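Now for the letters of each chain:
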Amino acid sequence: MKRVVAAIAVALFAFVAFPAASMAADAYPSKPVTAVVPMAAGGSSDLMARAIEKFWTKYSPQPLVVINKPGGGGVVGTEGVVRSRPDGYTLYIGYGSGHDVVMPSLQKMPYDPLKDLIPVARVSIHSVVIVTGAKSPFNSIKDIIEWSKKEGKPVTTAVSVKAGAVDIALTAFGKAAGINIVTVPFSGGAEATTALAGGHLMIGGGHPSEVIPHIKSGRFKPLAVVLPQRDPTLPNVPTLKEQGIDVATWGSIKGVAAPAGTPKEVVKYIEGTIKKICSDAEFQKTMASLYQPVMYQGSEEFAKFMKQATADYAKLIKQLNIKLD
Amino acid sequence: MEVFYGLIDGFTIALTPINLLFCFLGAVLGTAVGVLPGLGPAATIALLLPLTYTIASPVTAIILMAGIFYGSMYGGSTTSILLNLPGEAASVVTCIDGYQMARKGRAGVALGIAAIGSFIAGTVGVIGLTLFAPPIAEFALSFGPPEKFALALVGLLMAVTLSGASIIKGLILTVIGLLLASVGIDPISGKTRFSFGVIELQSGFDFVTLAMGVFGLGEIFYNLESAAKAEIVTTRVGQIWPRKMDWVRSQWAILRGTMIGFFIGIIPGGGAVISSLVSYAVEKKVSRHPEEFGKGAIEGVAGPESANNAASSSSFIPLLTLGIPGNASIAMIFAALLIKGVTPGPFLITEHPDIFWGVIASMYLGNVMLLVLNLPLVGVWVQLLRVPYGILAPVVLLFTAIGSYSIQNQAFDIYALIGFGIFGYMLRKLRFEPGPLVLAFVLGPMIEASMRQSLLMSGGSFSIFLTRPISMALIGLFAVLAIGQAVVMLRKRHKTTS
Amino acid sequence: MAKAERISAVLLVAGGVFVAAYSFHYLKLGMLISPGAGFLPFLCGISIIILGVLWLLTAWHVKPQAANAETGEGCETGEIPDEDVPRLWGLPRKMLLGLMVLIAYGWLFERIGYFLSTCLFMFGWQRFVEKESLLKTVIITALSATILYTLFQYLLGFQLPSGTWLP
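How each quantity is defined
Residues numbered from 1 in each chain as written. Chains lettered and ligands numbered in written order. Predicted model: local features only at pLDDT ≥ 70, side-chain atom pairs only at ≥ 80, totals over all residues. Helix = DSSP H or I, 4+ residues; strand = E, 2+ residues; numbered from the N terminus. Buried ≥ 20, exposed ≤ 12 C-beta atoms within 10 Å, placed from the backbone. Contact = placed C-beta atoms within 7 Å. Nonpolar A, V, L, I, M, F, W, Y, C, P; charged D, E, K, R; others polar. pLDDT = per-residue confidence, 0-100. Pairing = 2+ DSSP bridges. Domains from an automatic or database assignment. Axes fitted to C-alpha atoms, helices over the stretch in contact; angles between N-to-C directions. Expected span 1.5 Å × (residues − 1). Bend = angle between axes of the 7 residues up to and from the residue. Parallel < 35°, antiparallel > 145°, perpendicular 65-115°, else oblique. Core = buried A, V, L, I, M, F, W, Y, C linked by C-beta atoms within 7 Å.

Caption draft 1: Spotlight on the overall build of chain C. Regarding its fold elements, chain C presents 5 helices and 2 strands. Shown N-terminal to C-terminal, the secondary structure of chain C runs as helices and strands in the order α-α-β-β-α-α-α. Within the span of chain C, comprising 167 residues, buried residues form 38% of the whole. Intrachain contacts of chain C at a sequence separation of at least 6 include 50% that bridge at least 24 residues.

Okay, here's the thing in structure tokens:
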């Protein structure tokens, strides 16, 4: 009896072991592609990644598999991609976020986001929107400035994370306008918007995907968008520049990246697939329902754009003397 | 009475075959997820998000996800009781007395009461959700940083009651818990603390890894010391069903747990874990046999298990009425709604009453299904204890290691798990009760962040805590409880010395 | 047990000093109006020093209670007196070996992939920790590896590593 059991066990084992330890070769992609999102599941980057995941199989024979590796404000997961094998089977979605373009100007990083990663394609830009509660006395940026100058009190501002894209944008606004903005950081956009919804702070900043639901439900009033031009998801909201404040940031850029050293043909393939996805009408509809604009850019322009955005942030940080204390 | 009509509509939606099927699927999956250490409902729901694209109806998708969420609350207690392994963050407290009951051969009783308590609490929670959602949601919103600080402070005081015999040891673990929680990036200043250059420490320790290590692995290492110890766990199977006495003692615990869980669960960021801890502390305080706690008091299982289920029901309130997700799992459901083109918020009930009432109705059904699923399973789980420890222990270790790994997909977490296991083993040898460590670890970030946020909001003035009504009330409560506790301790000291 | 407690208490106080120093020096305390990153850890460090000293004082006065191996007096429920345990290099044998196998598992997990390391773990456990016969070891290893694989990879779709050392 024991022998029979042993034989069955070994047979089962062999049956499972061989496929489990099998190898992969051939043209790319010949096995599923892993996409790392270095942020918590459910956040704006994650949702965008999952939308891409869904439409990827329409244009590629192998599936895209999204995994979350949150931690360190995004650094942990991204570093994992940087150190992975540059064979095109490990990608990074969310490239261009705060920790890629803002953090290098504020602290030492374990990798260089511009050199250790290849920008493959830009998918979206999540701008920073300045909002206030519906019951707040402010109806425009001017109101905030006037109030602050008159009362001499600081303007408490809810932001997602310290030194993130939102924090930098609001701090820059404060300095440019000459008023005292106190940014109160939380552990992410959701917590910050909740606190603002409760009326505990005067104003706040967030991405369209975080704030538009509240604007629609009447809880928030949008005051300004911190972009060079208006955001397509909020066409009626004026920019800071239009309201007289010379501050514009790129918000949080969301793109796809591969580790440096990934072969050119593989990068071209991924770029092409993302392009097809971004042109897909259904995908655009899905992104619209997430309040995320589709703003595709190919690898070469995206690389230039990333350099520009990083430099712009560096300049802003230097100009306004923003530091991590 | 439109609530009544709404509910009827909801049931007609929830009782369609496809929705029933998905409700059941969600319940089963949730239970499995709750039982498996490491994988939490949030991650599972995230994995299933692509599915929402293919399921045409938003109601069905949400029913599935909601089922997973509160299903995991039922499943989490199973491994806590049987193996001292918290399958879910909210089940850690159940380990304390649940496991001791299992060691005394009363595993079936514990599992049974947990399931029944969860059912009652979950159902009452949904009733509360049905009737009182909007005003309660507004109340939840009024909890800003100062109020959270005060609440967490009260919670931390409760940690002291988990100390067991030695208050000093309890306080030591509380402080260690606070320190462990501060490892990683500090959200307020952006600085990395205590990482010593190790990149994996930048994100800090994960709660479940800590809890599984200290409770579960610590116990396994301790049992490995001697074959005789291991036998004690596995040979006492004993009764399966609760006796009348158990039921009588539990009913008030269940009721109190439900109330506690319902209210604390609404507060964004509060949630099931804190409510289970508060419930445990309350039960210990009001019990006529407080010395039994820690050794297998059934109220220590009934209360917290009810609390975490009530909390999971009430955490839907901010989502359905205000469009604000209170925790990671609900945030996923929020995302799914957005993808489906539904914006959760105050208008959800008027614009999409089918979703609102359909989901609520299926929650009633879900709780019933879970009760029906879990009660017979009690007999099955109890048989699990009969597996020889030589096989059971390594399998459990494998599960926890894999579970730990999958939280952040890094092997470092396996080492962290082992490290915490060794720590848990040492705590046992040195006669420490691990409860306060876990509570402090959970509450530490909330206390610190809320305090610093409050001070930023007030420009440095501490008066902010006392000028706002809710936080003032909670601070007052804290003071009263602290003084009360001190008086009790001094009296005890006086009694033993005189 | 009292000796172990005393040593631990001293170590704890040392730890507290380290934490307080680190917080003060590296993390900056900030002012009371605007506490910095080091504020809470510093308070914790100081508290640990104080509590550690108190613990040391209480452990000093407790007479080590040797549990009676025969009559079982002095034991808490389920505790086995220490003299009974088979030891290896001074530590309980099974626990030490089990720990080693587990650490090896963690080390191999990403390197040789989840499936192989699980097999090795189970094999190692049954053979070294439990001292099972070869036949039983193989059966248990095969069955558990298969079941776990099916459960985690097929049914639940976990992302488990396939091994960086393997081709």
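Once the structure has been displayed, the description carries forward.
Caption draft 2: Summary view of the interface of chain B and chain C. Across the boundary between the two partners, chain B contributes 42 residues, which contact 46 residues of chain C. Broken down by secondary-structure element, the contributors of at least two residues to the side of chain B that touches chain C are helix H8 (167-181), helix H9 (207-224), helix H10 (227-235), helix H18 (389-408), helix H19 (412-429) and helix H20 (435-458) of chain B. The leading source of residues in the side of chain B that touches chain C is H18 of chain B, at 10 residues. Looking at the side of chain B that touches chain C, its residues break down into 25 nonpolar, 7 polar and 10 charged.

Caption draft 3: Fine view of the interface of chain A and chain B. Between chain A and chain B, the contact holds 45 residues from the first and 43 residues from the second. Elements that contribute at least two residues to the side of chain A that touches chain B include exactly helix H2 (44-59), strand E2 (64-68), helix H3 (75-82), strand E7 (181-185), helix H7 (189-197), helix H8 (208-216) and helix H10 (281-289) of chain A. Considering every element that reaches the side of chain A that touches chain B, the biggest residue donor is H7 of chain A, with 5 residues. In terms of residue class, the side of chain A that touches chain B is built from 22 nonpolar, 14 polar and 9 charged.

Caption draft 4: The confidence of the model for chain C, seen in detail. All names here are of chain C. Scored by pLDDT, chain C has a mean of 75; 70% of the residues are at 70 or more. Counted against residues more than four places away or in other chains, residues 67-81, with its pLDDT under 50, gives 16 contacts. Complex prediction metrics read pTM 0.82 and ipTM 0.82.

Caption draft 5: Spotlight on the pairing of strand E10 (residues 252-259) of chain A. All names here are of chain A. Across the 8 residues of E10, 8 count as buried, placing the element largely inside the fold. A two-sided burial pattern is seen for E10, the buried positions comprising Ser 252, Lys 254, Val 256 and Ala 258 on one face and Ile 253, Gly 255, Ala 257 and Pro 259 on the other. Bridge analysis of strand E3 (residues 90-95) against E10 gives 3 bridges, and the strand direction is antiparallel. Paired with Ile 93 across the bridge in E10 is Val 256. Bridge count between strand E4 (residues 117-126) and E10: 8 bridges; the pairing is antiparallel. Across the sheet, residue His 126 finds its bridge partner in E10, namely Ser 252.

Caption draft 6: A look at the domain arrangement of chain A. All names here are of chain A. As far as domains go, chain A holds domain 1 (31-125 + 251-320) and domain 2 (129-243). Centre-to-centre separation of domain 1 and domain 2, based on C-alpha positions: 26 Å. At the interface, 17 residues of domain 1 touch 19 residues of domain 2. When residues of the side of domain 1 that touches domain 2 are assigned to their parent elements, the largest contribution, 4 residues, is made by helix H11 (residues 299-320). A breakdown of the residues in the side of domain 1 that touches domain 2 according to their chemical character gives 10 nonpolar, 7 polar and no charged.

Caption draft 7: Examining the sheet that holds strand E9 (residues 220-225) of chain A more closely. All names here are of chain A. Taken together, 5 strands build an open sheet; the order of strands is E7-E6-E8-E5-E9 and the sheet is mixed. Two strands in the sheet have a free side with no partner beyond their single neighbour: E7 and E9. Along the sheet, successive strands turn relative to each other by an average axial angle of 30 degrees, direction set aside. Bridge count for strand E6 (residues 155-159) against strand E8 (residues 203-206) is 2 bridges, and the pairing is parallel. In the strand pairing of E8, Thr 157 is matched with Ile 203.

Caption draft 8: Representation of the environment of Gly 177 of chain B. Residues and elements named next belong to chain B. Mapped onto the fold, Gly 177 is located in helix H8. A sequence separation of 154 residues divides Gly 177 from Ala 331, and the C-alpha atoms of the two residues are 27 Å apart. Residues contacting Gly 177, with those up to four places away along its chain left out, are Pro 436, Leu 437, Val 438, Leu 439, Ala 440, Phe 441 and Gly 444.

Caption draft 9: Representation of the sheet that holds E2 of chain A within the structure. Residue and element names in this part refer to chain A. Taken together, 5 strands build an open sheet; the order of strands is E2-E1-E3-E10-E4 and the sheet is mixed. Every interior strand has two partners, whereas the edge strands, E2 and E4, have only one. Across this sheet, the average inter-strand angle for adjacent strands is 25 degrees, counted without regard to direction.

Caption draft 10: Geometry of helix H11 (residues 244-266) of chain B. Relative to the 33 Å expected for 23 residues at 1.5 Å per residue, H11 of chain B spans 33 Å between its end C-alpha atoms, a close match to the ideal helical length. Bending of H11 of chain B peaks at approximately 35 degrees at the position of Ser 250 of chain B.

Caption draft 11: Inspection of the packing of helix H5 (residues 92-103) of chain B against helix H6 (residues 107-141) of chain B at higher detail. All names here are of chain B. Relative to each other, H5 and H6 sit at 140 degrees, their axes nearing to 7 Å. Taken together, H5 and H6 sit at an angle that is classed as oblique. Across the interface between the two elements, Thr 94, Gly 98, Met 101 and Ala 102 of H5 pack against Ala 107, Val 109, Ala 110 and Ala 114 of H6. For the contact of H5 with H6, a count of residues per class yields 6 nonpolar, 2 polar and no charged.

Caption draft 12: Looking closely at the environment of Thr 34 of chain A. Note on placement: Thr 34 of chain A falls in strand E1 (residues 33-37). Discounting chain neighbours no more than four positions away, the residues touching Thr 34 of chain A are Val 65, Ile 67, Tyr 89, Thr 90 and Leu 91 of chain A.

Caption draft 13: Structural context of the nonpolar core. Val 226 and Val 256 of chain A together with Ile 62, Met 65, Met 332 and Ile 333 of chain B are the most contacted members of the largest nonpolar core, which has 314 residues in total. If one sorts the elements of this core by residue count, H6 of chain B sits on top with 18 residues. What Val 226 of chain A contacts, discounting residues up to four positions off in sequence, is Ser 127, Val 128, Ile 130, Ala 169, Phe 173, Leu 240, Val 247, Ala 248, Thr 249 and Gly 251 of chain A.

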